[in-house]
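Below, each chain spelled out in residue letters.
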Amino acid sequence: MRQFIGALVVWLASMAALQAQSVRHLTLDTMATQQLSAGITRRMASGNSATFGYFTMQRGAVVPLHHHPNEQYTFILQGSVKVTIQEQTYVVKAGEVLLIPAHVPHRFECLEDGTIDLDFFAPQREDWINGTDQYFQK
């Protein structure tokens, strides 16, 4: 009986989660592309609890120093970037991931043309959703 009740609780929780947020199947090629600055584009999607951003960057493009209340996982799929965090520099290459804690100021510089950066944020990026992410304009 305990197993049945446990399974029922898990099922009810999963049903509540599905009702709170519907399943979405996205295709990268059909997602809106935002030109953030010279040499940087972004495609993004958000759920209730997290956001991902798919960036394409050209050599020399810079994401200015900024910070946010979101934990950030940066996964370089192609190319490389130089990330500056609190006077420490990290070169992140294709196949590598950098975890940036919430509220920590950081800056990106693209080192190669055609760099692809897939970033995951938790919680969701409210500034991207509501259009107040002005740090690219600095």
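Scope of this entry: the structure provided in the associated data block.

Quick notes on the rules
Residues numbered from 1 in each chain as written. Predicted model: local features only at pLDDT ≥ 70, side-chain atom pairs only at ≥ 80, totals over all residues. Heavy atoms only, no water. Salt bridge = Lys/Arg side-chain N within 4 Å of Asp/Glu carboxyl O. Helix = DSSP H or I, 4+ residues; strand = E, 2+ residues; numbered from the N terminus. Buried < 20%, exposed > 50% of the residue type's maximum accessible area, 1.4 Å probe, protein only. Core = buried A, V, L, I, M, F, W, Y, C linked by side-chain atoms within 4.5 Å. Contact = heavy atoms within 4.5 Å. Pairing = 2+ DSSP bridges. Axes fitted to C-alpha atoms, helices over the stretch in contact; angles between N-to-C directions. 1 Å grid on protein atoms, 1.4 Å probe; cavity = no way out; pocket = protein on both sides within 12 Å on 5 of 7 lines; lining within 4 Å. Points joined across faces, edges and corners; volume = space filled by probe spheres on them. Nonpolar A, V, L, I, M, F, W, Y, C, P; charged D, E, K, R; others polar.

What follows concerns the pattern of salt bridges. Taken as a whole and judged by the stated rule, the model has five salt bridges. With a closest N to O distance of 3.0 Å, Asp133 and Arg42 form a salt bridge. With Asp133 in the segment after α2 (126–130) and Arg42 in strand β2 (residues 40–46), this pair connects stretches of sequence that are 91 residues apart. Under the relative-accessibility criterion, Asp133 is labelled buried at 10%. Residue classification places Arg42 among the buried residues on the basis of a relative accessible area of 1%. Note that Glu109 is salt-bridged to Arg107, the shortest N-O span being 3.7 Å. On the basis of relative accessibility, which here comes to 27%, the residue Arg107 falls in the partly exposed class. Each of the salt bridges in this network shares a partner with another, and the network as a whole consists of Lys82, Arg107 and Glu109.

Quick look at the nonpolar core now. Counting residues in each nonpolar core, the largest one holds 20 residues, and the members touching the most others are Ile40, Phe55, Val81, Val83, Ile100 and Phe136. Elements represented by at least two residues in this core include exactly β3 (51–57), β6 (80–85), β8 (97–100) and β9 (106–110). Looking at this core element by element, the count peaks at three residues for β6. Sequence-distant contacts of Val83, defined by excluding residues within four places in its chain, comprise Gln88, Thr89, Tyr90, Val92, Leu98, Ile100, His106, Arg107 and Phe108.

The strand order across the open sheet formed by six strands is β1-β2-β3-β10-β5-β8, and the pairing between neighbours is antiparallel. The open sheet has two edge strands with one neighbour each: β1 (34–37) and β8. This sheet shows a mean twist of 25° between the axes of neighbouring strands, independent of strand direction. With seven bridges connecting them, β3 and strand β10 (residues 115–122) associate as antiparallel partners. Across the sheet, Met57 pairs through a bridge with Thr115, a residue of β10.

What follows is about empty space enclosed by the protein. Scanning all chains against the criterion turns up one cavity of 30 Å³ or more. Of the volumes computed, that of the largest cavity is approximately 90 Å³. Lining the largest cavity are 14 residues, and of these Phe55, Val63, His66, Gln72 and Asp119 sit closest to its centre. Elements with a minimum of two residues in the lining of the largest cavity: β3, β4 (62–66), β9 and β10. A total of three residues in the lining of the largest cavity trace back to one element, the largest contributor, which is β10. Class assignment for the residues of the lining of the largest cavity results in eight nonpolar, three polar and three charged.

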